[in-house]
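Residue strings, one per chain:
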There are 4 protein chains.
Amino acid sequence: MSIFEQRESEIRGYCRVYPVVFDKAENARQTDENGKEYVDFFAGAGVLNFGHNNERMKKAMIDYIQSNGVLHSLDLHTTAKRRFMERFTKVILEPRNMPHKMQFMGPTGTNAVEAALKIARRATGRREIVAFSHGFHGMTLGALACTSNQAFRGAAGIPLEHVRHLPFGCETKCGDCKLGCGIERLDELRAAYEDGSSGLLPPAAFLVEPVQAEGGVNVASKAWLQALSKLAKDVGAVLIFDDIQAGCGRTGSYFSFDDMGVDPDIVCLAKGIGGIGTPLAMNLVKPEIDKHWSPGEHTGTFRGQGLSFVAGTEALSYFENDELMQDVTRKTATMREAVDPLGDRYTSIQVRGKGMMIGIDVGSGEKAKAIVSKCFEKGLLVSACGSGGRVVKLIPPLTIPDSDLKFGLDTLVETTHQVMEAA
Amino acid sequence: MSIFEQRESEIRGYCRVYPVVFDKAENARQTDENGKEYVDFFAGAGVLNFGHNNERMKKAMIDYIQSNGVLHSLDLHTTAKRRFMERFTKVILEPRNMPHKMQFMGPTGTNAVEAALKIARRATGRREIVAFSHGFHGMTLGALACTSNQAFRGAAGIPLEHVRHLPFGCETKCGDCKLGCGIERLDELRAAYEDGSSGLLPPAAFLVEPVQAEGGVNVASKAWLQALSKLAKDVGAVLIFDDIQAGCGRTGSYFSFDDMGVDPDIVCLAKGIGGIGTPLAMNLVKPEIDKHWSPGEHTGTFRGQGLSFVAGTEALSYFENDELMQDVTRKTATMREAVDPLGDRYTSIQVRGKGMMIGIDVGSGEKAKAIVSKCFEKGLLVSACGSGGRVVKLIPPLTIPDSDLKFGLDTLVETTHQVMEAA
Amino acid sequence: MSIFEQRESEIRGYCRVYPVVFDKAENARQTDENGKEYVDFFAGAGVLNFGHNNERMKKAMIDYIQSNGVLHSLDLHTTAKRRFMERFTKVILEPRNMPHKMQFMGPTGTNAVEAALKIARRATGRREIVAFSHGFHGMTLGALACTSNQAFRGAAGIPLEHVRHLPFGCETKCGDCKLGCGIERLDELRAAYEDGSSGLLPPAAFLVEPVQAEGGVNVASKAWLQALSKLAKDVGAVLIFDDIQAGCGRTGSYFSFDDMGVDPDIVCLAKGIGGIGTPLAMNLVKPEIDKHWSPGEHTGTFRGQGLSFVAGTEALSYFENDELMQDVTRKTATMREAVDPLGDRYTSIQVRGKGMMIGIDVGSGEKAKAIVSKCFEKGLLVSACGSGGRVVKLIPPLTIPDSDLKFGLDTLVETTHQVMEAA
Amino acid sequence: MSIFEQRESEIRGYCRVYPVVFDKAENARQTDENGKEYVDFFAGAGVLNFGHNNERMKKAMIDYIQSNGVLHSLDLHTTAKRRFMERFTKVILEPRNMPHKMQFMGPTGTNAVEAALKIARRATGRREIVAFSHGFHGMTLGALACTSNQAFRGAAGIPLEHVRHLPFGCETKCGDCKLGCGIERLDELRAAYEDGSSGLLPPAAFLVEPVQAEGGVNVASKAWLQALSKLAKDVGAVLIFDDIQAGCGRTGSYFSFDDMGVDPDIVCLAKGIGGIGTPLAMNLVKPEIDKHWSPGEHTGTFRGQGLSFVAGTEALSYFENDELMQDVTRKTATMREAVDPLGDRYTSIQVRGKGMMIGIDVGSGEKAKAIVSKCFEKGLLVSACGSGGRVVKLIPPLTIPDSDLKFGLDTLVETTHQVMEAA
């Protein structure tokens with residue numbers, strides 16, 4: 001029995017899907033301890049936008065370590081943190097006229113969401129959060145109450161309160177979905193908030209992923225997102241965007257909502273922001289909301305790690321010109337060209353996505369599982385998401401070489417045909 | 001205006017206490033950007049047990065990065081994770097006959113506590129957690145409900161439920177504390193659980209820090225901890241120890257409770273376990289409890305980071321022999337020799353602690369603040385904790401050179417005299 | 001200052017609308033202490049279906065008192081209770097093939113609703129109750145959580161949990177209502193219950209008034225009620241009808257839903273069931289749900305009062321033949337003939353209702369208040385209900401003499417014209 | 001099968017203990033349908049302080065009905081209500097210099113408690129209520145959260161929140177009780193409220209029965225009640241006394257706490273206040289708290305029933321002189337003389353009580369049940385209460401004839417000996 005079987009918690013999950021021991025990794029490839037290579041269309045669940053062991057980041061990190069840079073500092077000021085904040089301000093915030101403040105917290109997405117919920121409740125003096133079907137926001141109790149998947153919610157062991165789930169406003173109707181998303185539902189919600197006998201009160205915040213990743217690669221429609229934004233403003237609620245998986249360049253722009261014409265009050269970031277997988281989480285918070293914090297009210301030991309700032313600063317250099325984003329646009333086209341025909345060929349398949357996050361909804365968790373498993377055997381890492389795990393999600397590093405991208409797409413398409421036709 | 005004033009959230013805290021920008025760090029010293037050096041009796045809030053930029057860990061990390069080791073892997077198996085788990089099993093668990101499984105989650109203490117609460121509630125089918133006055137367990141809603149400090153609780157914006165706070169069983173009565181800790185309270189609690197009309201039901205778990213750090217350096221009495229342990233067992237509740245700040249060698253043994261004769265069902269670890277400040281959190285969970293998890297029920301992007309395993313594995317080498325722990329015993333004696341007389345001299349001062357975590361309760365938050373501030377000016381980093389911030393907490397790296405320790409103690413004692421006599 | 005001003009709580013309400021002291025009452029008339037008579041279109045908020053001081057009931061009560069019948073007995077068996085139960089079974093339940101058990105509790109509607117919620121949660125093992133916008137179910141915390149009016153909810157002082165409010169399915173669209181009622185919402189709800197990532201779980205119960213009284217006289221559409229009934233059955237939820245104000249003959253049949261083709265699991269009754277205003281509350285509960293109770297789990301001192309059984313038994317005699325119900329049909333026509341033209345004449349007026357519960361929605365709380373106040377001056381008691389109090393509600397005793405009915409209708413119509421034209 | 005077996009809910013309870021059908025009742029005697037008479041030491045669970053079918057009340061009620069007095073009036077002013085309020089003010093409030101306002105609500109004790117909790121939370125802006133072990137306050141969710149008995153709490157089906165239960169401060173230690181009641185617990189509670197890191201905040205209210213009836217006839221010690229009163233005042237919490245079962249003369253004075261030297265902010269009354277079993281509930285609320293109500297915020301159909309005011313006004317005449325209360329003192333002595341020797345004789349028996357509410361704690365629910373059952377056979381109605389039903393509670397009408405009292409006491413003592421000696 002391996003040490004993992006002997007001593008690792010039964011909760012271990014992904015390692016059951018890819019039952020090997022990985023040893024090395026470089027850009028879009030991982031190598032297991034037996035030397036077998038895999039092309040990585042999974043990218044650490046969206047963390048590794050710039051590839052495994054990105055050379056520029058490696059160099060910067062090694063230099064930093066060798067020079068005895070501050071590795072751990074809670075929320076003290078460090079020169080590494082200053083460099084990151086200055087770069088982020090110049091490269092990301094100023095070009096967008098975003099006045100937001102940066103808040104660092106425990107370096108996981110769920111901590112970022114928890115902090116956002118707290119300040120939204122504080123700033124409004126209200127309790128309820130509106131979250132959306134198929135949304136994923138984390139595992140700690142505050143964020144979990146906003147996560148919609150019952151498989152996660154059921155683990156809480158206590159009621160998850162003060163959150164109302166409403167249907168998400170998808171760009172395209174997902175298969176035979178009957179949840180009733182759409183702008184008219186927001187109109188009804190507005191009417192309920194205005195009616196003193198509806199049983200509803202205006203919420204503290206609307207928490208939404210502009211592109212739902214774990215929920216099955218569901219892209220919010222622009223019109224719905226704008227209507228939601230207007231509703232939030234009109235009823236005095238905070239608009240929180242969780243861009244943890246879809247942000248940091250994944251969709252062809254830094255934020256997944258850059259082309260949506262909306263102005264969120266809070267943006268939650270994590271995953272890709274640390275650049276190379278070094279943990280970091282950050283909220284962007286409008287000053288008029290941020291000012292409601294008292295110093296130290298939401299602490300965390302690992303707020304703002306030195307190496308995360310160093311690698312994260314390197315990551316920002318990808319956004320100083322549009323080279324990478326143009327490359328993402330080009331690769332997105334390559335990907336859609338390869339997989340869109342699957343949707344044409346099989347009525348039970350729907351292809352959705354934005355930029356280099358693409359979901360292939362094969363209509364059944366079993367089929368998706370078969371595709372993931374067969375791809376793995378062939379040397380391709382992909383994972384499934386969405387209701388019942390029926391969506392195969394493609395999120396390769398944005399820096400993936402064309403040849404690896406081609407191998408991955410060929411493998412995926414071929415495997416999908418095999419599985420669909422075997423059914 | 002600096003970038004921090006312009007763009008960092010108002011929530012920033014420690015940087016207001018130490019208003020400089022740190023640039024370099026080595027073992028027990030930090031250097032600000034102007035070249036001023038500080039001896040560090042704060043150690044990143046208990047993370048840096050083995051010093052800033054520990055040489056062995058630096059080397060191992062650089063080697064790992066250069067060899068393209070896997071940096072980010074969710075809960076996939078990696079060779080780095082295997083090395084860590086094997087070493088932890090051999091060095092820590094087996095010598096103690098601990099059958100516990102290791103669970104990795106989002107790399108912050110609060111995530112560890114949230115996971116512990118979930119599995120305790122699942123395993124027992126109960127809801128209530130008993131936590132203790134002056135306890136600190138984190139900022140996310142589940143953990144925050146267990147944290148006792150109202151300054152943190154008030155930020156939740158919603159009621160914090162399903163947790164009952166009871167007085168902590170201190171080894172020594174803290175000043176004029178009237179909370180009524182003691183074993184007789186546990187007897188009454190038992191009576192209440194046995195009485196169907198007490199309004200109380202047996203809890204899912206008791207969550208306790210054997211040594212409360214943030215709460216003011218309160219050491220649980222052995223008898224109380226044993227009585228609590230017996231009560232938990234008798235009423236079918238899970239016994240959870242939060243050893244996040246006091247564990248990993250801080251008190252002169254790997255666990256802060258090694259000499260307590262108790263057998264916790266779950267131990268939460270974080271902070272020091274990553275060795276050099278690289279984020280890592282891990283729960284040790286008895287198999288009969290751990291088996292209640294379904295795969296993937298409590299996920300997290302940054303579960304088990306490569307660099308954290310690498311540095312954390314190096315940290316474990318300090319426990320392969322008793323050299324460091326003997327050194328801690330020696331340095332503890334040095335520290336007590338220096339600061340115990342403060343308690344003798346001033347009736348309003350009480351010195352408490354275990355191993356190299358020592359609290360000097362100066363009876364007032366203002367005095368403690370003055371001490372912290374004057375020490376900072378003199379080149380010593382210490383912080384305050386406890387109710388109203390009235391306890392000056394000394395947690396230097398365990399590896400601190402004797403000269404730095406002496407400087408720090410001299411500075412602290414001198415400053416304390418100054419502040420106490422000025423009053 | 002009167003004793004009321006000196007010593008009665010500031011919460012007193014209706015007495016501010018009708019600021020006189022009532023002394024006598026007979027059928028549809030009340031007389032104040034100065035001898036002024038009022039025709040009563042209010043009927044004690046729907047309690048006095050059979051008129052004030054109904055002669056048959058008076059006689060029965062006096063006989064009972066004189067013979068030393070048991071007045072107070074908790075839930076002991078008494079001969080009076082037996083007579084009531086036998087009569088109710090024979091006259092109401094058996095003709096409808098209703099297998100329901102009768103449960104008596106504290107003699108208020110809110111206690112009945114609380115008991116219904118408890119047994120629905122027990123029987124299903126679920127927590128959430130679905131209630132509806134504009135619904136009114138009582139003031140104690142369990143029932144209040146189901147009541148939708150924020151003016152009442154706000155008095156709780158704590159969050160009202162475990163209840164989800166959805167739009168009520170009105171027979172006719174109420175003015176410019178945009179809440180989005182309708183069967184399609186139930187379809188979406190079903191889809192949400194079937195989708196493991198909607199964030200919703202099937203509820204313990206749906207709690208609905210077939211005719212909302214306090215909410216503004218909103219009549220559920222038959223199709224919607226049937227769809228709701230089917231949804232409840234399909235998802236394993238208990239269907240609870242709150243017929244407290246609309247039941248006991250008010251709508252032209254004993255239950256307000258007799259013509260709806262639905263089969264509720266639980267029916268909550270109070271108000272009219274005691275006949276003459278003597279407090280009584282009773283739930284009708286299907287045996288397969290009722291069996292989940294343990295003896296004495298939901299107690300109450302005044303369960304089943306002797307005088308309430310005596311007067312209530314007399315009330316049942318009105319349903320042994322169809323004389324009264326035919327009279328109600330005739331009077332309903334008289335009422336609609338009088339008030340329907342108001343809806344034709346004024347675009348801002350909508351007339352709604354079922355049987356002898358009629359609401360005149362005048363579109364504004366101020367106008368309704370003016371109508372109520374002017375009617376009172378002219379000797380007619382009516383009250384306002386609905387969102388912002390904009391609906392004038394007509395609920396005269398079913399036994400009202402034709403002349404009093406005519407006086408009331410003439411007065412109301414004339415006053416409405418005055419108020420509408422003054423605007 | 002009787003109609004009760006066929007059609008009454010399985011929840012029926014007391015009728016299983018006394019399985020006959022009662023037909024008539026007069027003062028301290030009830031007669032079943034077969035003509036068998038029972039002496040009543042149960043008095044409708046404390047409602048019938050002035051006996052079944054009290055002649056003066058019967059006459060007043062019949063006169064009122066015959067004269068067409070207003071039977072049902074919500075919270076409208078009536079001449080009957082005025083008479084009651086004036087008499088209550090003159091006879092009860094003014095002699096005690098109580099400035100309290102009278103609030104009427106749904107006519108059950110639980111509704112009174114719910115209203116008290118609401119206004120306490122509103123007035124303080126706080127959420128938590130402190131209630132006490134063995135306390136009983138009702139069945140609706142707000143009151144049930146304060147009730148301590150798990151047999152009742154378990155029926156809620158949802159978590160009961162915002163209430164903390166602490167040990168009740170008994171006058172005498174109850175048997176082997178180890179709950180830790182006593183004034184020192186209140187001191188610790190005060191310390192916790194003053195300590196920002198205790199996890200506790202000062203509550204909205206303390207809710208306590210000066211004499212716990214259902215909880216096992218536990219009499220609060222005067223010193224404890226005074227300490228509680230002082231604590232409430234000091235921390236800005238509302239002091240609520242639930243005198244629903246022990247009030248209205250039961251203990252030898254109108255309020256059970258008249259001799260305690262305390263000044264509650266709110267007193268909840270029900271049961272005995274309606275005089276003859278006619279439902280009525282009333283809170284006495286200090287004006288500075290009462291003023292926080294908005295009109296109509298806590299409604300209820302059966303607030304203040306005409307017959308209850310009529311009979312209740314008659315009941316007040318018993319307090320215009322001290323005749324009845326002196327008789328209670330005399331009868332109390334008779335009762336104690338009879339039953340105290342049981343406590344001397346059997347070490348497992350403890351006799352507790354105040355005035356004509358006496359509990360015989362026989363140490364086991366089974367023994368108590370046997371006593372109740374054998375007494376019933378012999379023609380005496382008594383009931384059991386307390387943890388596990390181990391306390392035989394004696395609450396005869398205060399007006400019981402000496403001969404009936406003697407019969408009851410003889411029967412009870414004889415039966416207790418039989419049961420205790422058979423064990």
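Residues numbered from 1 in each chain as written. Chains lettered and ligands numbered in written order. Predicted model: local features only at pLDDT ≥ 70, side-chain atom pairs only at ≥ 80, totals over all residues. Heavy atoms only, no water.

Some points on the overall build of chain A
Here comes step 1: Tallying secondary structure elements over chain A gives 15 helices and 18 strands in all.
Here comes step 2: The C-alpha radius of gyration computed for chain A amounts to 21 Å, which stays within 12% of the reference 22 Å derived for 423 residues, consistent with globular compactness.
Here comes step 3: For chain A, the residues scored as buried account for 68% of the 423 residues in total.
Here comes step 4: Looking at charge distribution, chain A has the averaged site of its 48 positive side-chain charges lying 3 Å from that of its 52 negative ones. (Helix = DSSP H or I, 4+ residues; strand = E, 2+ residues; numbered from the N terminus. Rg over C-alpha atoms; globule rule 2.2 N^0.38 Å. Buried < 20%, exposed > 50% of the residue type's maximum accessible area, 1.4 Å probe, protein only. Lys, Arg positive; Asp, Glu negative; His and termini not counted. Charge placed at Lys NZ, Arg CZ, Asp CG, Glu CD.)

Considering the pattern of salt bridges
Here comes step 1: Tallied over the entire structure, the rule returns 132 salt bridges over all chains.
Here comes step 2: When the shortest N-O distance is used, the salt bridge between Glu214(B) and Lys393(B) registers 2.8 Å. One end of the pair, Glu214(B), is in the loop between β9 (211–212) and β10 (218–219); the other, Lys393(B), is in strand β18 (residues 391–394), with 179 residues separating them in the sequence.
Here comes step 3: By relative accessible area, Lys393(B) is classed as buried at 1%.
Here comes step 4: The salt bridge involving Arg330(D) is made with Asp327(D); its shortest N-O contact spans 2.7 Å. Of the two residues, Arg330(D) and Asp327(D) are both situated in helix α13 (residues 323–345); the distance of 3 residues between them amounts to about one turn of the helix.
Here comes step 5: Overall, Arg330(D) belongs to the partly exposed group, its relative accessible area being 38%.
Here comes step 6: Residue classification places Asp327(D) among the partly exposed positions, given a relative accessible area of 23%. (Salt bridge = Lys/Arg side-chain N within 4 Å of Asp/Glu carboxyl O.)

Topic: helix α9 (residues 183–194) of chain D
Here comes step 1: For α9(D), built from 12 residues, the straight-helix expectation of 16 Å at 1.5 Å per residue is met to within 8% by its first-to-last C-alpha distance of 17 Å.
Here comes step 2: Taken residue by residue, α9(D) has Arg185(D), Leu186(D), Glu188(D), Leu189(D), Ala191(D), Ala192(D) and Tyr193(D) as its buried positions.
Here comes step 3: Residues of α9(D) that are buried make contact with α9 (183–194) of chain B together with β6 (129–132), β7 (163–166), β8 (205–208) and α10 (222–235) of chain D. (Expected span 1.5 Å × (residues − 1). Contact = heavy atoms within 4.5 Å.)

Here's the deal with the relation of the copies chain C and chain A
Here comes step 1: The operation relating chain C to chain A is a screw motion whose rotation component is 180°, with 0.0 Å of axial translation and a residual RMSD of 0.0 Å. Viewed as a symmetry operation, the transformation between the two copies matches a two-fold axis. The C-alpha atom lying nearest the rotation axis in chain C is that of Glu161(C); the distance is 3.6 Å. (Least-squares fit on C-alpha atoms with pLDDT ≥ 70 in both.)

Here's the deal with unusual backbone geometry
Here comes step 1: Even without glycine at this site, Asn68(B) takes up a positive phi of about 60°.
Here comes step 2: Of note, Asn68(B) is situated in the loop between α4 (55–66) and β4 (77–78).
Here comes step 3: Look at His134(C): it is not a glycine, yet its phi comes out positive at around 70°.

A short note on the interface of chain C and chain A
Here comes step 1: At the interface, 28 residues of chain C touch 28 residues of chain A.
Here comes step 2: Buried surface at the junction of chain C and chain A, summed over both partners, amounts to about 2300 Å²; 47% is from carbon and sulfur atoms.
Here comes step 3: Among the residues of chain C in contact with chain A, Leu179(C), Glu188(C) and Ser197(C) are the three that bury the most area, contributing 22% of the side total.
Here comes step 4: Counting across the interface, chain C meets chain A through 18 residue pairs in polar contact (both at pLDDT 80 or more).
Here comes step 5: Where the side of chain C that touches chain A is concerned, the elements lending two or more residues are α8 (150–153), β7 (163–166) and α9 (183–194) of chain C. (Buried area = accessible area lost by both parts, 1.4 Å probe. Polar contact = N/O pair within 3.5 Å; in protein donor to acceptor, adjacent residues only side chain to side chain.)

Observations concerning the interface of chain B and chain A
Here comes step 1: Taken together, the 108 residues of chain B in the interface contact 108 residues of chain A.
Here comes step 2: Surface buried jointly by chain B and chain A totals about 9400 Å² across both partners, of which 62% is contributed by carbon and sulfur atoms.
Here comes step 3: Summed over the three residues of chain B that lose the most area to chain A, namely Arg7(B), Ile11(B) and His77(B), the buried surface amounts to 10% of that side.
Here comes step 4: Taken together, chain B and chain A are joined by 6 salt bridges.
Here comes step 5: Between Arg82(A) and Glu33(B) there is a salt bridge, and its shortest N-O distance comes to 2.3 Å.
Here comes step 6: Joining chain B to chain A, the criterion identifies 53 residue pairs in polar contact (both at pLDDT 80 or more).
Here comes step 7: Looking at the side of chain B that touches chain A, the element that brings in the most residues is helix α5 (residues 79–93) of chain B, giving 7 residues.
Here comes step 8: Of the residues in the side of chain B that touches chain A, the class split is 45 nonpolar, 35 polar and 28 charged. (Nonpolar A, V, L, I, M, F, W, Y, C, P; charged D, E, K, R; others polar.)

Considerations on the side chain of Asn54(D)
Here comes step 1: Position of Asn54(D) among the secondary structure elements: in the loop between α3 (43–46) and α4 (55–66).
Here comes step 2: Side-chain polar atoms of Asn54(D) contact the backbone nitrogen of Arg56(D), separated by 3.1 Å.

So, the relation of the copies chain B and chain A
Here comes step 1: Rotating chain B by 180° and translating it 0.0 Å along the rotation axis places it on chain A, where the RMSD comes to 0.0 Å.
Here comes step 2: An overlap of 100% is found between the interface residues of chain B and their copies at the interface of chain A, pointing to a shared contact surface.

Points about the environment of Arg122(D)
Here comes step 1: Mapped onto the elements, Arg122(D) comes out in helix α6 (residues 109–124).
Here comes step 2: Arg122(D) gets classed as partly exposed once you look at its relative accessible area, which sits at 28%.
Here comes step 3: Between the C-alpha atom of Arg122(D) and that of Ala204(D), which follows or precedes it by 82 residues, the distance is 8.4 Å.
Here comes step 4: With sequence-adjacent residues up to four places away left out, Arg122(D) is seen in contact with Gly154(C), Ala155(C), His292(D), Ser294(D) and Glu297(D).
Here comes step 5: There is a polar contact of 2.7 Å between the side chain of Arg122(D) and the side chain of Glu297(D).

Points about the packing of aromatic side chains
All names here are of chain A.
Here comes step 1: This structure, assessed with the given rule, holds 76 aromatic pairs over all chains.
Here comes step 2: With a centroid separation of 5.9 Å and 25° between ring planes, the pair formed by Phe84 and Phe88 is classed as stacked. Of this pair, Phe84 and Phe88 are both found in helix α5 (residues 79–93), 4 residues apart, which corresponds to roughly one turn of the helix.
Here comes step 3: Relative accessible area serves as the criterion here: at 0%, Phe84 is assigned to the buried category. (Phe/Tyr/Trp six-rings, centres within 6.5 Å; stacked < 30°, edge-to-face > 60°.)

With respect to the domain arrangement of chain A
Residues and elements named next belong to chain A.
Here comes step 1: Along its sequence, chain A is organised into domain 1 (3–53 + 323–422) and domain 2 (59–319).
Here comes step 2: If you average the C-alpha positions of domain 1 and of domain 2, the two centres end up 25 Å apart.
Here comes step 3: Taken together, the contact between domain 1 and domain 2 spans 32 residues of the former and 34 residues of the latter.
Here comes step 4: Taking both sides of the interface into account, the surface hidden between domain 1 and domain 2 amounts to around 2600 Å²; carbon and sulfur atoms contribute 55%.
Here comes step 5: Looking at the side of domain 1 facing domain 2, the largest losses of area belong to Phe50, Lys354 and Met357, adding up to 29% of the total buried there.
Here comes step 6: Remark: the boundary between domain 1 and domain 2 carries 2 salt bridges. (Domains from an automatic or database assignment.)

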